[in-house]
Amino acid sequence: MPAVGQNVLRKEGRGKVTGAAKYVDDLSFPGMLYGSTIRSTIPCGRIRSTRPEFDPSEWVVAGVPDIPGKNVIALIEDDQPCLADGRVRHVAEPILLLAHADREALAGAKVAVDYEPETPVYDPAASPRVFKEILIEKGDLGKGFSRAARVVEGEYRTGHQEQLYIECNGVIAVPENGGITVYGSLQCPYYVHKALVVLLGLPPERVRVVQTETGGGFGGKEEYPSMLAGHASILALKAGRPVKMVYDRVEDMLATTKRHPSIVRHRTGVASDGRIVAMDIDVLMDGGAYLTLSPVVLSRGVLHATGPYRCDDVRVHGRVVMTNTPPNGAFRGFGAPQTLFAAEVHMERISEALEMDPVRLRELNLFRPGDTTATGQVLGADCSAAEVLREAVARTGFDARRQALSGTNAGIGLSLFFHGSGFTGGGEVRLASRASLALTPTGARILVGSTEIGQGTRTIHAQIVADALGIPYENVEVSDADTACVPDSGPTVASRTCMVVGKILQNCALEMKARLGSLSPARYLELHGPLVVTREYEKPAELEWSDETYRGDAYGAYGWGCNVAEVERDPDTFEIRPVRLTAVCEIGKAIHPTLAAGQIEGGTAQGIGYAILEEVVFRDGAMANAQMTNYVVPTTLDTPPIDVVILESAYPHGPHGAKGIGEMPIDGPAPAIVNAIRHMGVDLRQIPATPERVMEASCVSP
Amino acid sequence: MADDSRSGFTRRDLVRGALVGAVAATAGAKTPAEADRGIGPGAVPITLQINGQTHRLTAEPRVVLADALRDRLGLTGTKVVCGRGACGACTVLVDGNPVCSCLLLAAEVQGRKITTIEALASDGRMKPIQEAFVAADALQCGFCTSGMVMSCKALLDRTPKPTRDEIRHAVSGNLCRCGTYPHVFDAVERAAGIRTAEGRAHPPDGTPVFQTLAASRTFTSDQRVDAGVAEALDLEEA
Ligand code: FES
Ligand code: FES
C-alpha cells in the first residue's frame with residue numbers, strides 16, 4: 001500500500017510521548033560549564049568600559065579579543081557583530097560572555113558597563129538607514145488610475161510577534177578534534193556551520209553542527225542559533241571544556257528575533273463595476289538594529305502585497321529600515337502575513353466604499369489560471385483562488401450568516417490569500433540543495449540537512465522515499481541532521497522542505513530503484529557494497545527570474561487559502577472572541593493529511609494570536625512584557641473550533657504534486673478576524689485587535 | 001542577563017543554580033562557589049516517592065520539584081518552559097492531581113505519590129493515552145507533550161468519558177504553540193473509547209471526510225464545526 005496520502009505514524013512520535021526524546025537541555029557532558037551573556041541595557045551608544053564585579057579567577061570571561069576569526073554573524077551581509085564592537089545598537093546586544101560550573105553563581109554575576117549613550121531611533125519612518133529597497137512595477141500606473149471611477153486609500157499596521165517556540169533557544173558547544181561540535185535546538189544546521197567557520201576561523205571540516213530534538217522554531221531558530229552557537233563556542237574554546245547555554249524565557253524574549261512590524265499604504269483605483277484598475281502600494285518594515293534576514297523578509301512581503309488579485313497597472317514599493325531595537329527576523333509567513341493583512345483589510349474597505357458584496361468583489365478580481373502577477377509571472381492551472389473562495393463561502397453559508405449577524409455584537413469576515421512555496425526567485429538555484437539516500441539491508445536511510453521541528457519532516461520524507469522505492473514506510477530510516485554526515489539541503493524554512501527537498505529525495509529514490517534493478521537491498525549490498533545516491537535541486541526549465549528587475553517567476557508554486565472567521569465582541573470589555581474559523585487551503589497534495597491538517601490548525605492558531613492577543617510592548621527599546629504571563633498566546637480556551645478543508649490541485653514539479661504548506665495558514669486569520677470586526681461597523685485597521693484598540697475604534701465608528 | 005536590572009534573579013535561576021552543584025560534582029568540577037551559596041537554608045535530606053520508587057536526595061529547601069526531577073534524578077521527560085506556572089509543560093501528578101512541578105518545592109511533596117511521564121511506559125508498553133496521542137498525531141515539536149499527556153491522563157483517571165468541554169478545560173493550562181489542540185481532543189476521545197481511529201475519518205453522522213471534487217480532494221478536520229455549520233444553515237432556513 002502506498003504511504004503517501006496515508007496517515008502513517010510520525011517517526012518520532014513514541015519518543016515524544018514517553019519523554020524519551022532528548023532536547024538540548026536534557027543533555028550533559030563531562031566537565032561541562034554553563035555560559036551566560038552580559039547584554040546591553042541601553043538602546044544605542046558607545047561602551048566606555050566593562051568591569052566584572054566578581055573575582056575573575058574562578059571564571060571564564062570572553063570578549064571580542066577572544067574571537068579567533070571575524071567578529072560577525074555571517075548571513076546575508078556581515079553587519080551584525082557576535083559581540084558588541086565598542087558600540088551597542090539595541091537593548092540586549094551581547095557584550096561579554098561568562099562561563100562557570102555553577103548556574104546559580106552565573107545568574108548572580110554582575111558586570112558594570114559604562115556607556116556613552118546616543119539618541120536612539122524607534123520610529124521606522126524617521127530611520128536614517130534603509131537596509132533594502134525593492135520596487136516592483138507592472139504596466140503604467142498613471143494610465144491605470146485614469147480609468148478608475150473611485151480611488152480608495154488606506155494605511156494598515158501590524159505589530160511585532162514573538163515566535164514563542166515552547167523550547168527556548170539553547171546549545172552546547174564541545175571542543176573536540178581541534179575544532180568545535182555544537183549540539184543545539186535549531187532549524188538550519190548549515191547556517192550555523194557557515195557562521196561558525198567565519199567566526200572561529202576554522203576550516204569547515206573542524207566545525208560540526210548537530211541538531212538535537214527541537215521544541216519548535218517557526219522561523220525563530222533560523223538565524224539566532226548562529227549567534228548563540230557562536231557565543232557558546234567562543235567560551236568552550238577558551239575554557240577547553242563543553243559549555244551549555246540555554247536561555248530562560250525572559251532572556252529569549254528580550255534578546256531574540258521577532259516578526260517585523262509593518263506599515264502598509266494602499267491606493268487603489270477601482271472601475272465602476274468593481275474591477276481593480278490600479279494598485280499603488282507602499283510597504284515599510286522595521287528591521288531592528290541589524291540587517292540579518294530583513295531583505296528577504298521584505299522581498300516576500302512585497303511579492304505578496306497585491307493579494308491574490310489581478311491588475312495590469314501596479315507599483316509596489318518596499319523598504320525595510322533600521323531602528324534601535326533587537327533585530328527582527330524570520331517568523332512563519334516571513335513578511336507575507338503583514339502585507340496580506342493590509343491587502344485583505346483594504347479589499348474589505350473597497351467593498352464598503354463601493355457598497356459591493358465582499359465575496360463578489362473578490363470573485364471579480366481574483367487570480368485565475370493564465371493571469372499574470374505583479375512580477376509578470378503567468379499563473380498555471382493549479383491557481384486555485386476561485387476554488388478556495390467558493391468552498392469557504394459555501395461551507396460556512398457565508399452570505400446568510402452575514403445577514404443573520406448584521407447589527408449584532410458579532411460579525412463574520414473572510415480573507416483570501418496565497419503563499420509562494422520555496423525560496424524567492426533565483427534563491428533555490430543559488431542554494432543548490434542536495435539530498436542523499438543510503439541503501440540499508442532492509443530499505444534506505446535518508447540523509448538530509450532538513451530538520452524536524454515538529455512539522456513532520458522525517459515522516460513525509462520517509463513516505464515519499466518509501467513510495468518511490470516501493471518499500472514499506474517502516475523500512476525507511478531518517479538520519480539526524482548532523483553536518484558531519486548529511487549534505488546541505490538548504491535551510492528548513494520557506495515551506496520548501498516537502499516541495500523542494502522532498503522532490504530531490506524522490507529523485508534519489510527513483511535513481512536508487514533503477515540501480516537496484518531486480519535485486520533486494522540486502523542482495524545488492526552483498527554483491528556491490530554500499531550505495532549512496534546524492535541528487536541536487538533541478539530548476540524546472542520554465543522558471544525565470546531576475547533579481548535586478550524583480551520580474552519573472554517569483555515562486556515555483558503558490559498555495560491558495562481562504563479563511564472565514566466568526567467573532568463576538570464583549571459589549572463591556574470589548575474583547576474579541578473568535579467563535580469559529582474555517583480554513584480552506586489548496587496545497588497541491590497532502591502527503592500526510594493529518595500532519596497537513598495539523599500545520600493548518602497550528603498556523604491558524606498562531607494567526608488568531610497575531611490578530612487579537614499577541615502584543616509586544618516596547619519601552620525604551622526593550623520588550624516590556626518579556627514573560628509568558630503577560631505576552632499571551634492562544635490556549636484551548638482562546639482557540640475556536642477550526643474547520644480545516646484541504647483541496648489538492650497538483651503542482652507538476654512537486655513530489656506527488658505537493659506545494660508548500662507550513663507558512664500559508666498564518667496569512668489568513670488576522671485579516672479574516674479584522675474583517676469580521678469591521679462587519680460590526682468598527683473601523684479597525686491595525687493588529688493586534690486588543691480590547692483597547694477595539695474600544696477606541698468602536699467609540700469613533702458610527 | 002546579569003547586567004539587566006529588569007530581569008535580575010529569577011526564582012528559577014536561584015533554584016537551578018542550587019542543583020548545578022550536584023551535576024558539576026558528578027562531572028568532577030567542584031568549585032568554591034558551591035561551598036556556601038548563602039541563599040536560604042542549607043541542604044536537607046529529602047525523600048520522594050516517584051513512579052513507585054523511593055528516592056533520597058540532599059537539596060536545599062528552595063529546590064523545586066521540576067529541577068529535582070530533571071537535574072538530580074535524571075528524569076528529563078518533564079520539561080521546564082516558563083518556570084512560573086504559565087505553561088503547564090512541567091505538569092506531573094501528585095497524588096493523581098496534575099500540578100506544575102516548577103511551582104512546587106521538592107521538600108513540600110515528601111510522602112506524596114509523584115508520577116512523571118517516565119512512569120507511563122515504564123514496562124516498555126505505552127499507556128492508551130500515549131498510543132492515542134501517537135495515533136491522532138496530537139504532537140508536533142513534542143516539547144509541551146509530556147505535560148499535555150499528564151494532564152490528559154489525570155482527566156481520564158477521574159473522568160473516563162469526558163465531554164469535549166471537559167477536555168478543553170482540562171488542558172487549558174497546557175500551552176501548545178504548535179497548536180495541536182484539536183488533535184489532543186481527538187486523542188483523548190480515542191483513548192476514552194468515544195471515537196475510534198476511523199471516527200475522525202468517518203464521523204458518526206456518516207459525512208465522508210475525503211471528498212473528491214472535480215480536480216481536488218477535500219479533507220476536513222473538526223466535526224464539531226459541522227454542528228456550527230448546520231446551525232448556520234438552520235438559521236438560513238429560519
Ligand atoms: S514550566 Fe512550569 S508552568 Fe511553565
Ligand atoms: S507540540 Fe510543540 S508546543 Fe505543543
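Computed from a prediction, not measured in an experiment: that's the story for all the values here.

What counts and how
Residues numbered from 1 in each chain as written. Chains lettered and ligands numbered in written order. Predicted model: local features only at pLDDT ≥ 70, side-chain atom pairs only at ≥ 80, totals over all residues. Helix = DSSP H or I, 4+ residues; strand = E, 2+ residues; numbered from the N terminus. Rg over C-alpha atoms; globule rule 2.2 N^0.38 Å. Contact = placed C-beta atoms within 7 Å. Buried ≥ 20, exposed ≤ 12 C-beta atoms within 10 Å, placed from the backbone. Core = buried A, V, L, I, M, F, W, Y, C linked by C-beta atoms within 7 Å. Pairing = 2+ DSSP bridges. Expected span 1.5 Å × (residues − 1). Domains from an automatic or database assignment. Axes fitted to C-alpha atoms, helices over the stretch in contact; angles between N-to-C directions. Parallel < 35°, antiparallel > 145°, perpendicular 65-115°, else oblique. Left-handed = near helix turned anticlockwise from the far one by under 90°. Nonpolar A, V, L, I, M, F, W, Y, C, P; charged D, E, K, R; others polar. pLDDT = per-residue confidence, 0-100.

**Concerning the overall build of chain A**
When its secondary structure is counted, chain A shows 18 helices and 27 strands. Here the C-alpha radius of gyration of chain A, 25 Å, is about what a compact globule of 702 residues would show, namely 27 Å. Expressed as lengths along the three principal axes of its C-alpha atoms, the size of chain A is roughly 75 × 75 × 50 Å. Sequence-distant contacts, at least 24 apart, represent 82% of the contacts inside chain A between residues at least 6 apart.

**Looking at the overall build of chain B**
Counting its regular elements, chain B contains 10 helices and 7 strands. When the 238 residues of chain B are sorted by exposure, 50% land in the buried category. Taking all contacts inside chain B whose residues are at least 6 apart in sequence as the whole, residues at least 24 apart take part in 57%.

**As for the environment of Gln211(A)**
All names here are of chain A. Within the secondary structure layout, Gln211 lies in strand β11 (residues 207-211). Of the residues examined, Gln211 has 28 C-beta atoms within 10 Å and is grouped as buried. Once the C-alpha coordinates of Gln211 and Tyr183 are considered, the two residues, 28 residues apart in sequence, prove to be 5.8 Å apart. Those residues in contact with Gln211 that sit more than four places away from it in its chain are Gly184, Leu186, Pro189, Thr451, Asp480 and Ala481.

**Examining the nonpolar core**
Core analysis: the largest hydrophobic core is formed by 289 residues, its most contacted members being Ala232(A), Val465(A), Leu505(A), Ile673(A) and Ile677(A). For this core, the element with the most residues is helix α5 (residues 224-239) of chain A, which contributes 10 residues.

**Describing the pairing of strand β2 (residues 45-52) of chain A**
Sheet topology places β2(A) next to strand β4 (residues 87-88) of chain A; 2 bridges connect them, and they run antiparallel. For Arg46(A), the partnering residue across the bridge sits in β4(A) and is Arg87(A).

**A short note on helix α8 (residues 336-354) of chain A**
Spanning 19 residues, α8(A) covers 26 Å between terminal C-alpha atoms, matching the ideal 27 Å at 1.5 Å per step. Glu355(A) sits one or two positions beyond α8(A) and adopts a positive phi of about 50°.

**Let's talk about the domain arrangement of chain B**
Interfaces are often sized by the accessible area lost when the parts come together. Residues and elements named next belong to chain B. Domain boundaries assigned for chain B yield domain 1 (1-117) and domain 2 (126-228). The interface is formed by 14 residues belonging to domain 1 together with 12 residues belonging to domain 2. Elements with a contribution of two residues or more to the side of domain 1 that touches domain 2: β3 (91-94) and β4 (97-100). It is β3 that provides the largest number of residues to the side of domain 1 that touches domain 2, a total of 3 residues.

**Concerning the packing of helix α4 (residues 189-200) of chain A against α5(A)**
Residue and element names in this part refer to chain A. Close contact between α4 and α5 brings their axes to 9 Å; oriented N to C, the two are set at 45°. Viewed along their axes, α4 and α5 adopt a mutual orientation that is oblique. For the element pair α4 and α5, the recorded crossing hand is right-handed. Contacts between α4 and α5 involve Tyr191, Val192, Ala195, Leu196, Leu199 and Leu200 on the former and, on the latter, Pro225, Ser226, Ala229, Gly230 and Ser233. Classifying every residue of the contact of α4 with α5 by side-chain character gives 8 nonpolar, 3 polar and no charged.

**Topic: the sheet that holds β4(A)**
Hydrogen bonds along the backbone pair up the strands of a sheet, which may run parallel or antiparallel. Read from one edge of the open sheet, 3 strands run β4-β2-β6 (chain A), paired in antiparallel fashion. Two strands close off the open sheet at either side, each with one partner strand: β4 and β6 (111-117) of chain A.

**Some words on the confidence of the model for chain B**
Predicted coordinates in areas of low pLDDT are best not read in detail. Residues and elements named next belong to chain B. When pLDDT is averaged along chain B, the result is 77, and 66% of the positions lie at 70 or above. Low pLDDT, under 50, characterises residues 1-37; the stretch is placed with 86 contacts to residues that sit more than four places away or in other chains. This stretch, residues 199-238, has a pLDDT under 50; its non-local contacts, to residues over four places away or in other chains, come to 62 contacts. For this predicted complex, the interface score ipTM comes out at 0.97, while the overall pTM is 0.93.

**What to know about the domain arrangement of chain A**
All names here are of chain A. On domain assignment, one finds that chain A holds domain 1 (31-119 + 164-255), domain 2 (333-422 + 555-700) and domain 3 (433-536). Once you take the C-alpha centre of each, domain 2 and domain 3 turn out to be 35 Å apart. With 19 residues of domain 2 in contact, the opposing surface of domain 3 contributes 15 residues. Looking at the side of domain 2 that touches domain 3, the elements with two or more residues in it are β16 (410-421) and α16 (593-613). Tallied by class, the residues present in the side of domain 2 that touches domain 3 amount to 8 nonpolar, 9 polar and 2 charged.

**So, the pairing of strand β20 (residues 532-536) of chain A**
Residue and element names in this part refer to chain A. The side-chain alternation of β20 yields one buried face, formed by Val533 and Arg535, and one unburied face, formed by Val532, Thr534 and Glu536. In this sheet, β20 lies alongside strand β17 (residues 434-439) in antiparallel orientation, the contact comprising 5 bridges. Opposite Ala438, over in β20, you have Val532 as the bridge partner.

**Things to note about unusual backbone geometry**
All names here are of chain A. The omega torsion of the bond from Ile687 to Pro688 falls at 0°, within 30 degrees of zero and hence cis. Relative to the elements of secondary structure, Pro688 occurs in the loop between α17 (669-679) and α18 (691-700). Even without a glycine there, the phi angle at Phe334 is positive, about 55°. Secondary-structure assignment places Phe334 in the loop between β15 (314-322) and α8.

**Thoughts on the packing of α16(A) against α17(A)**
Two numbers describe a pair of packed helices, the interaxial angle and the distance between the axes. Residues and elements named next belong to chain A. Interhelical geometry of α16 versus α17 gives an angle of 50° and a closest axis separation of 8 Å. Looking at the two axes, α16 sits oblique to α17. The element α16 and its partner α17 pack so that their crossing is right-handed. In contact with Thr604, Gly607, Ile608, Tyr610, Ala611 and Ile612 of α16, α17 contributes Pro669, Ala670, Ile673 and Val674. Of the residues belonging to the contact of α16 with α17, the class tally is 8 nonpolar, 2 polar and no charged.

**So, the environment of Pro308(A)**
Residue and element names in this part refer to chain A. Turning to its location among the elements, Pro308 is positioned in the loop between α7 (294-303) and β15. Take Pro308: there are 31 C-beta atoms within 10 Å of it, and that puts it in the buried class. Along the chain, Pro308 and Thr119 lie 189 residues apart, while their C-alpha atoms are 42 Å from each other. What Pro308 contacts, discounting residues up to four positions off in sequence, is Leu366, Phe367, Ala385, Leu416, Phe417, Phe418 and Trp560.

**Regarding the sheet that holds strand β18 (residues 444-447) of chain A**
All names here are of chain A. Pairing in this open sheet of 4 strands is mixed, and the strands run β19-β18-β17-β20 from one edge to the other. In this open sheet, the two edge strands, each paired with only one partner strand, are β19 (476-478) and β20. This sheet shows a mean twist of 20° between the axes of neighbouring strands, independent of strand direction. Across 4 bridges, β17 lies against β18 in antiparallel orientation. For Leu437, the partnering residue across the bridge sits in β18 and is Ile446. In the packing of helix α14 (residues 497-516) onto the sheet, the strands contacted are β17, β18 and β20, and the crossing angle to β17 comes to about 35°.

**Concerning α16(A)**
Taking 1.5 Å of rise per residue, the 21 residues of α16(A) would be expected to cover 30 Å, and the 29 Å separating its terminal C-alpha atoms lies within 8% of that figure. By the criterion of burial, α16(A) is predominantly enclosed, with 20 of the 21 residues buried.

**Overview of the environment of Ala462(A)**
Residue and element names in this part refer to chain A. Checked against the element boundaries, Ala462 lands in helix α13 (residues 457-469). Here the alpha-carbon distance between Ala462 and Gly397, two residues 65 residues apart in the chain, equals 39 Å. Setting aside its immediate chain neighbours within four residues, Ala462 contacts Lys11, Ile446, Tyr473, Val476 and Val478.

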